[in-house]
Amino acid sequence: MSRLQPVRGTSDLLPENMANHNLVINAARKASACYGFQEMATPIFEFLEVFSRPLGASSDIVTKENYSFEDRGGEMLTLRPENTAGVVRAMISGGLTQSLPLKYFYAGPMFRYERPQKGRMRQFHQVGIEYLGPDDALSDAETIACGARFLDSIGVLGDCDLHLNSLGDAESRALYRDALLEYLKKFSGDLSDDSKMRLLVNPLRILDSKDSGDRNILQNAPKFPDYLNGVSQIRFENLTSALDRVGVAWFFNPLLVRGLDYYCHTAFEFVTNSLGAQGTVLGGGRYDGLSEMLGGPPVAGIGWAAGVERLTMLVEGVLPNSPKVAVVTADDAAQQAAFHLAEQLRDAGIDIDFPTNGAMRKKLKKADKANIHLVIILGSDELSKNTVLLRNLSNGSQEEIALDFADNGGLVAAIAKSLLAP
Ligand code: ATP
Ligand code: MG
């Protein structure tokens, strides 16, 4: 192992990737602002219990995926594997349950010790929203519509299916759990080792298994909708008719359960076929029991999180922002003046590239390669005449403009005009 490699499952975000990365994050920020979600951030690490309590002892994230460590003060800390528990912890510890409803947007890195593969990393980034307070079907519809609007704005919605299920209320879930347990017990010898364990601790989680043997057994398992009580059924119908009314296409997936133990009623995932096995780009659900699990008052909530890296693979690439104007000199005598000019133009709001090394020819060649549109040449000739040369690299035209450090308004106007020209 070379210490100069990035840690397995992590990667650098160089400018070309960063531009797409930010495009995805900014689109999510914009779509969520459209619904009144406001941005917030929680710390990247929390006390271990913030995740172990709500995620449940049997959850993959706690059993094998977490990055936990003891700090120098003897506290057990965990790098956040997801942000919902942190946001709800922030609501409770900040005394914010007095001001419900709360609508939050977040973006940032998450950490899971998973087997790295395409679309699956150990440090990855999520954007997400949490809607705390309401528990009605329309708050679910808004949350899902916000996710759809976000995916649409980056051009990937058309490529995704929205899977939707209802896990019902506590009563429905208990009934279903019993039926599922009875069915799965008949196959207990054939289940994967992970699922044998889940059979004892939390059989509902077997529905989430990715093992193909488990998936075969599940084909004929009892289905959630047959166990929903009347209240849960009506709630689900309210949600689906709201989605239908605004044209958010969905399809019913009775096997969809979200990986975490605190979900109830609505569970959903936007899945694309373009990324192979790692096709879920955005997933979420309702978690009315979470606040109490963390030791707070009962507060209903629903939210989603989307994987930025997976989405970045689907969006059309954009180039990083870079200056379109360069100030260039190869003359020792004019260097100080050129530096001064570059600063003055930045003061006037123009982004300026100022290459400090190399011969004029090389600098011009590099500027052309870097898609610079306009080069301002200031050599000792120009300096002695108090002028600069404006060379348009897009069409080769060139003009001489007066240089006046006391008032360079004329030069600024000439640059602005050239930048606006097609
Ligand atoms: P999966 O079934 O793919 O493991 P998950 O159910 O663990 O996903 P969530 O916890 O709901 O995923 O996280 C929401 C989104 O975050 C996922 O849909 C995915 O886009 C992204 N995501 C989750 N884990 C990773 C990872 N290890 N690397 C990259 N993106 C991830
Ligand atoms: Mg996972």
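Thresholds applied
Residues numbered from 1 in each chain as written. Chains lettered and ligands numbered in written order. Predicted model: local features only at pLDDT ≥ 70, side-chain atom pairs only at ≥ 80, totals over all residues. Heavy atoms only, no water. Pairing = 2+ DSSP bridges. Helix = DSSP H or I, 4+ residues; strand = E, 2+ residues; numbered from the N terminus. Contact = heavy atoms within 4.5 Å. Axes fitted to C-alpha atoms, helices over the stretch in contact; angles between N-to-C directions. 1 Å grid on protein atoms, 1.4 Å probe; cavity = no way out; pocket = protein on both sides within 12 Å on 5 of 7 lines; lining within 4 Å. Points joined across faces, edges and corners; volume = space filled by probe spheres on them. Domains from an automatic or database assignment. Salt bridge = Lys/Arg side-chain N within 4 Å of Asp/Glu carboxyl O. Buried < 20%, exposed > 50% of the residue type's maximum accessible area, 1.4 Å probe, protein only. Disulfide = S-S within 2.5 Å. Parallel < 35°, antiparallel > 145°, perpendicular 65-115°, else oblique. Left-handed = near helix turned anticlockwise from the far one by under 90°. Nonpolar A, V, L, I, M, F, W, Y, C, P; charged D, E, K, R; others polar.

A.B. asks: Would you take a moment to explain the sheet that holds strand S14 (residues 374-377) for this structure?
C.D. replies: Two modes of strand pairing occur in sheets, parallel and antiparallel, and in both the strands are linked by backbone hydrogen bonds. Within the open sheet, the five strands sit side by side as S13-S12-S14-S15-S16. Their pairing is mixed. Edge positions in the open sheet fall to strand S13 (352-353) and strand S16 (398-402), since each of these has one partner strand only. Sheet topology places strand S12 (residues 325-328) next to S13; two bridges connect them, and they run parallel. Across the sheet, Val-325 pairs through a bridge with Ile-352, a residue of S13. Here helix H12 (residues 335-347) sits on the sheet and contacts S12, S13, S14 and strand S15 (387-392); the angle it forms with S12, its principal contact strand, is near 160°. Each of S12, S14 and S15 touches helix H13 (residues 360-369); the most contacted strand, S14, lies at about 160° to it.

A.B. asks: What is the right way to look at the layout of surface pockets in this model?
C.D. replies: To find leftover empty space, a probe the size of one water molecule is rolled over the atoms. Volume-wise, the second largest pocket comes out at about 280 Å³. Lining of the second largest pocket is provided by 14 residues; of these, Ser-11, Leu-13, Asn-17, Met-121 and Glu-309 occupy positions nearest its centre. Mapped by element, the contributors of at least two residues to the lining of the second largest pocket are helix H1 (15-33), strand S6 (123-133) and helix H11 (308-312).

A.B. asks: It is not clear to me how the domain arrangement of the protein chain should be interpreted in this structure. Could you clarify?
C.D. replies: For an interface, size is often stated in terms of accessible area lost upon the parts coming together. As assigned here, the protein chain comprises domain 1 (2-169 + 229-315) and domain 2 (325-420). Taking only C-alpha atoms into account, the centre of domain 1 sits 48 Å from that of domain 2.

A.B. asks: Explain the environment of Arg-235 to me, please; I cannot follow it from the model alone.
C.D. replies: Tracing the chain through its elements places Arg-235 in helix H9 (residues 230-245). Placed 97 residues apart in sequence, Arg-235 and Leu-138 show a C-alpha to C-alpha distance of 9.3 Å. Apart from the residues lying within four places of it in its own chain, the contact partners of Arg-235 are Asp-135, Asp-136, Ala-137, Asp-140, His-265, Thr-266 and Arg-286.

A.B. asks: So what exactly am I meant to see when it comes to the pattern of salt bridges here?
C.D. replies: When the charged atoms of two side chains with opposite charge come close together, those side chains can pair. Under the criterion given, the structure shown has 10 salt bridges. Put simply, Glu-46 and Arg-89 hold a salt bridge, and the shortest N to O gap is 2.8 Å. Linking Glu-46 in strand S2 (residues 45-47) with Arg-89 in helix H4 (residues 84-93), this pair joins segments that are 43 residues apart in sequence. Given a relative accessible area of 7%, Glu-46 falls into the buried group. In this structure, a network of salt bridges that share partners links the residues Asp-140, Arg-235, Arg-286 and Asp-288.

A.B. asks: Just checking my understanding: could you explain the state of the cysteines for this structure?
C.D. replies: One covalent bond between the sulfur atoms of two cysteine residues makes up a disulfide. For the coordinates displayed, the defined rule picks out zero disulfides. The thiol sulfur of Cys-34 is not disulfide-bonded, and the nearest other cysteine sulfur, from Cys-146, lies at 7.4 Å. Free cysteine Cys-160: the closest other cysteine sulfur is in Cys-146, separated by 15 Å. By relative accessible area, which is 11% here, Cys-160 ends up buried.

A.B. asks: What should I look at first to understand the side chain of Asn-165 in this one?
C.D. replies: Mapped onto the fold, Asn-165 is located in strand S7 (residues 160-166). The contact partners of Asn-165, leaving out residues within four places of it in the chain, are Phe-224, Phe-236, Phe-252, Asn-253, Pro-254, Leu-255, Leu-256, His-265, Thr-266 and Ala-267.

A.B. asks: How do you make sense of the packing of helix H5 (residues 137-153) against H9 when you look at a structure like this?
C.D. replies: For any two helices packed against each other, one specifies the crossing angle of their axes together with the interaxial distance. Relative orientation of the contacting elements H5 and H9 amounts to 40°, with a least axis distance of 8 Å. By the criterion of interaxial angle, the relationship of H5 to H9 is oblique. In terms of crossing hand, the pair formed by H5 and H9 is right-handed. Across from Ala-137, Leu-138, Asp-140, Ala-141 and Ile-144 in H5, the residues of H9 making contact are Arg-235, Asn-238, Leu-239, Ala-242 and Leu-243. Class assignment for the residues of the contact of H5 with H9 results in seven nonpolar, one polar and two charged.

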